[in-house]
Amino acid sequence: MHKVIIGNWKMYPTYSDAMVLTSTLKTKLEKHHKVEIVIAPPTAWLIPVVDSWKSEHKHISFAAQSIWPEDQGAYTGDVSAYMLKDIVKYALIGHSEQRKNHHETNELVNRKVISALKWRIKPVVCIGETKRVFNEHNVRDASEWKKLFQQLEMALTNVDRHHFDDIIIAYEPVWAIGTQNPATPAYVSKVINELTTELKEIFKTGVKDLKFLYGGSVGPENVAAFLKEDNIDGLLVGGYSVKANDFETICRLASSL
Ligand code: PGA
């Protein structure tokens, strides 16, 4: 199975930045076909980016940075999975910046996951603890751990097991996002193992179909170390995804593993 690299452009590029980035990345990324590459532009530039990319390359697709769970109606400022169903393959859901700035609760994350699946958009469910769960002595902070697990468990509530294959979990410790202070690959691998063990107790079947990505200060220098871990299926890249050369390096390394 190929690794997945998601480039989350956040609210970084202006329209012209986005167009320049699109034409540069198009030439650079199309040859790295042994990795699945997903680009998540700001909502305003989603259609121009998708249109100008016109990718016929199966390994490149697009994601919404957020969706609203209702299909249509009086929801000023929002865009639904229903509206995006023919435009994107994936949607980020529950990113820590949405949880913090838009009060996205675990319940809302769950509704968004269900809505995305209904319209055949694959959810990328972001979860992450807000503080280090290990202190210097490697002792787990039990309440933070519990919250992390609840984010995951609630996101998957009432989701049919046969959909687990379509769901990506992006483990992004909040303290590692945009800080140049990534978690270590060993730590991430251990957390993913523990999460899957707990999930198996609750859901019994289907858990092996979920994919787990890591996100938080991923850059060209650490991508190989993360992807060497068997249970890390890919990476969610923020800051470096809008730097064309660096993002290409990340995708090239992921494609060559
Ligand atoms: P970062 O962001 O790579 O800039 O740390 C990752 C993310 O928030 O998805």
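Calculation notes
Residues numbered from 1 in each chain as written. Predicted model: local features only at pLDDT ≥ 70, side-chain atom pairs only at ≥ 80, totals over all residues. Heavy atoms only, no water. Helix = DSSP H or I, 4+ residues; strand = E, 2+ residues; numbered from the N terminus. Rg over C-alpha atoms; globule rule 2.2 N^0.38 Å. Contact = heavy atoms within 4.5 Å. Areas by Shrake-Rupley, 256 points an atom, 1.4 Å probe, with all protein chains shown as cover. Pairing = 2+ DSSP bridges. Axes fitted to C-alpha atoms, helices over the stretch in contact; angles between N-to-C directions. Salt bridge = Lys/Arg side-chain N within 4 Å of Asp/Glu carboxyl O. Buried < 20%, exposed > 50% of the residue type's maximum accessible area, 1.4 Å probe, protein only.

Chemist: I tried to follow the overall build of the protein on my own but got confused; where do I start?
Modeler: Broken down by element type, the protein carries 9 helices and 8 strands. The C-alpha atoms of the protein give a radius of gyration of 17 Å, which matches the 18 Å a tight globule of 257 residues would have. Referenced to the eigenvectors of the C-alpha coordinate spread, the extents of the protein come out at roughly 50 × 45 × 30 Å. Residue pairs at least 24 apart in sequence account for 73% of intrachain contacts in the protein once pairs closer than 6 positions are excluded. In the form shown here, the protein has an accessible surface area of approximately 12,200 Å², with 52% of it arising from carbon and sulfur atoms.

Chemist: Looking at this structure, how should I read the sheet that holds strand S8 (residues 234-237)?
Modeler: Whenever strands of a sheet pair, they do so through backbone hydrogen bonds, lying parallel or antiparallel. Ordered by their spatial adjacency, 8 strands build a closed barrel running S1-S2-S3-S4-S5-S6-S7-S8, and the pairing between neighbours is parallel. Taken over all neighbouring pairs, the strand axes of this sheet differ in orientation by 25° on average, direction set aside. As paired elements, strand S2 (residues 35-40) and strand S3 (residues 60-64) share 3 bridges and run parallel to each other. Residue pairing for S3: Val38 is matched across the bridge by Ser61. Packed onto the sheet, helix H5 (residues 106-118) meets strand S4 (90-93) and strand S5 (122-127) and runs at close to 160° relative to S5.

Chemist: Even after reading the chapter, I still don't get the pattern of salt bridges, so can you show me in this structure?
Modeler: In total, this model carries 11 salt bridges according to the counting rule given. Salt-bridge contacts for Glu30 lead to Lys26; the nearest nitrogen and oxygen are separated by 3.4 Å. Here Glu30 falls in the buried class, since its relative accessible area comes to 18%. On the accessibility criterion, Lys26 (25% relative accessible area) is partly exposed. Salt-bridge contacts for Asp166 lead to Lys122; the nearest nitrogen and oxygen are separated by 3.2 Å. With Asp166 in the loop between helix H6 (142-155) and strand S6 (168-171) and Lys122 in strand S5, this pair connects stretches of sequence that are 44 residues apart.

Chemist: Sorry, what's going on with the side chain of Glu129 here?
Modeler: Relative to the helices and strands, Glu129 is located in the loop between S5 and H6. Taking the relative accessible area as the measure of exposure, Glu129 reaches 1% and is therefore buried. Ignoring anything within four residues of it in the chain, the contact list for Glu129 reads Glu144, Leu148, Tyr171, Pro173, Val174, Trp175 and Tyr187.

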